[in-house]
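# Results of the structural survey
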Amino acid sequence: MSRQEINCNNLCQVLSDYIDGELSDELCHRIEEHMAGCEHCRVVFDTTNKTILLCHDAARETELPTDVRERLVETLHLEDFLKPKSA
Amino acid sequence: MVDKTDEEFSLQALRTGDKAEFARLVAAYSTPIYRLGLKMLADPQEAEDVLQTTFLKAFQHLPEFEGRSSLSTWLYRIAANEALMLLRRRRPEFALDEEPEEGAPMLPTQLADWSHLPERDLLSGEARQKLDLAIQMLPEKLRVVFLLRDVEGLSIKETSEALNLSETAVKTRLLRARLNLRERLALYFAERLSEEDHP
């Protein structure tokens, strides 16, 4: 897509690569130029970014339950190395 | 996006069955592996099965681990395979995923800008349930890519190694997963936006 004009359809196809910083500076610049004049694409970009952030933050709150940890330690016979978490 | 790096573990000790070193590995990666299992399967018992099987297999196969990928990628690979196998067992009559690999990704249809909603809306208990549900609704092959890349923080290359996919296939699936999730969340958050405008 290096010489292709950026439009709403092809921007969508490179959105992930753009978010991940995988595109050339030149292509990033043309994408940013397009988004500066296209509310539709700016919203898709902002809400996609926010989607990733929210899913990441919510999922990362998952903790290993104490009983699950204890059964894992027992199964692996690691009681001498991994002590129960103090209450 | 695990805090410890491979450099902090002695591969030699792990390969020779050093239990103290293995315990350090378990302590570092048990939460991420459990989280991956839980988000893949949405079932705490099956997530625990994934966790236990992953470390049992890891201990068994560490002597043969050649270090072609990082330790963490290798553990995620074992866990992802276990989770996908459990999903296959749930409904053996279906192949995983009917999502086509080719063709253009879905084009966005929900265009409300909810990204600036207040935190109380974005992080409410109900919103978190919607997030979980949206992830569960993803086809399995997209879900596992999204979880490894965007939740666990693996690079595209690491994700491709963990899933034995080309980097191009990872990128294609990641784009589909992200747009799919965005679309589902937009439906929910657009309603919150409407309530903000018209309380």
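Bear in mind that the values here come from a model prediction, so they are computed numbers and not experimental data.

Here the focus is the overall build of chain B. Regarding its fold elements, chain B presents nine helices and zero strands. In chain B, the order of α-helices and β-strands from amino to carboxyl end is α-α-α-α-α-α-α-α-α. With 199 residues in all, chain B has 40% of them scored as buried. A fraction of 72% describes how many contacts in chain B between residues 6 or more apart in sequence connect residues 24 or more apart.

Residue and element names in this part refer to chain B. For chain B, the domain assignment lists domain 1 (6-90) and domain 2 (119-197). Counting residues at the interface gives 13 residues for domain 1 and 14 residues for domain 2. The leading source of residues in the side of domain 1 that touches domain 2 is helix 4 (residues 71-90), at six residues. Split by residue class, the side of domain 1 that touches domain 2 holds eight nonpolar, three polar and two charged.

What follows deals with the interface of chain B and chain A. Each partner contributes to the interface: chain B provides 39 residues, whereas chain A provides 32 residues. Those elements that provide at least two residues to the side of chain B that touches chain A are helix 2 (19-41), helix 3 (44-61), helix 6 (125-137), helix 7 (140-151) and helix 9 (167-197) of chain B. By residue number, the principal contributor to the side of chain B that touches chain A is helix 2 of chain B, which donates 11 residues. Considering only residue class, the side of chain B that touches chain A consists of 25 nonpolar, four polar and 10 charged.

What follows deals with the confidence of the model for chain A. When pLDDT is averaged across chain A, the result is 91; 92% of the residues are at 70 or more. Mean pLDDT across the elements of chain A ranges from a minimum in helix 1 (residues 8-19) of chain A, with 92, to a maximum in helix 4 (residues 66-75) of chain A, with 97.

Glancing now at helix 6 of chain B. Residue and element names in this part refer to chain B. Its 13 residues give helix 6 an end-to-end C-alpha distance of 18 Å, which sits within 8% of 18 Å, the value for a rise of 1.5 Å per residue. Turning to helix 6, its buried residues are Ala127, Leu131, Ala134 and Ile135. Looking down the long axis of helix 6, one finds its buried residues gathered within 100° of arc, a one-sided arrangement. The exposed set on the far side of helix 6, more than 90 degrees from its buried face, consists of Gly125, Glu126, Gln129, Gln136 and Met137.

Cut-offs applied
Residues numbered from 1 in each chain as written. Chains lettered and ligands numbered in written order. Predicted model: local features only at pLDDT ≥ 70, side-chain atom pairs only at ≥ 80, totals over all residues. Helix = DSSP H or I, 4+ residues; strand = E, 2+ residues; numbered from the N terminus. Buried ≥ 20, exposed ≤ 12 C-beta atoms within 10 Å, placed from the backbone. Contact = placed C-beta atoms within 7 Å. Domains from an automatic or database assignment. Nonpolar A, V, L, I, M, F, W, Y, C, P; charged D, E, K, R; others polar. pLDDT = per-residue confidence, 0-100. Expected span 1.5 Å × (residues − 1). Arc of directions from axis to C-beta.

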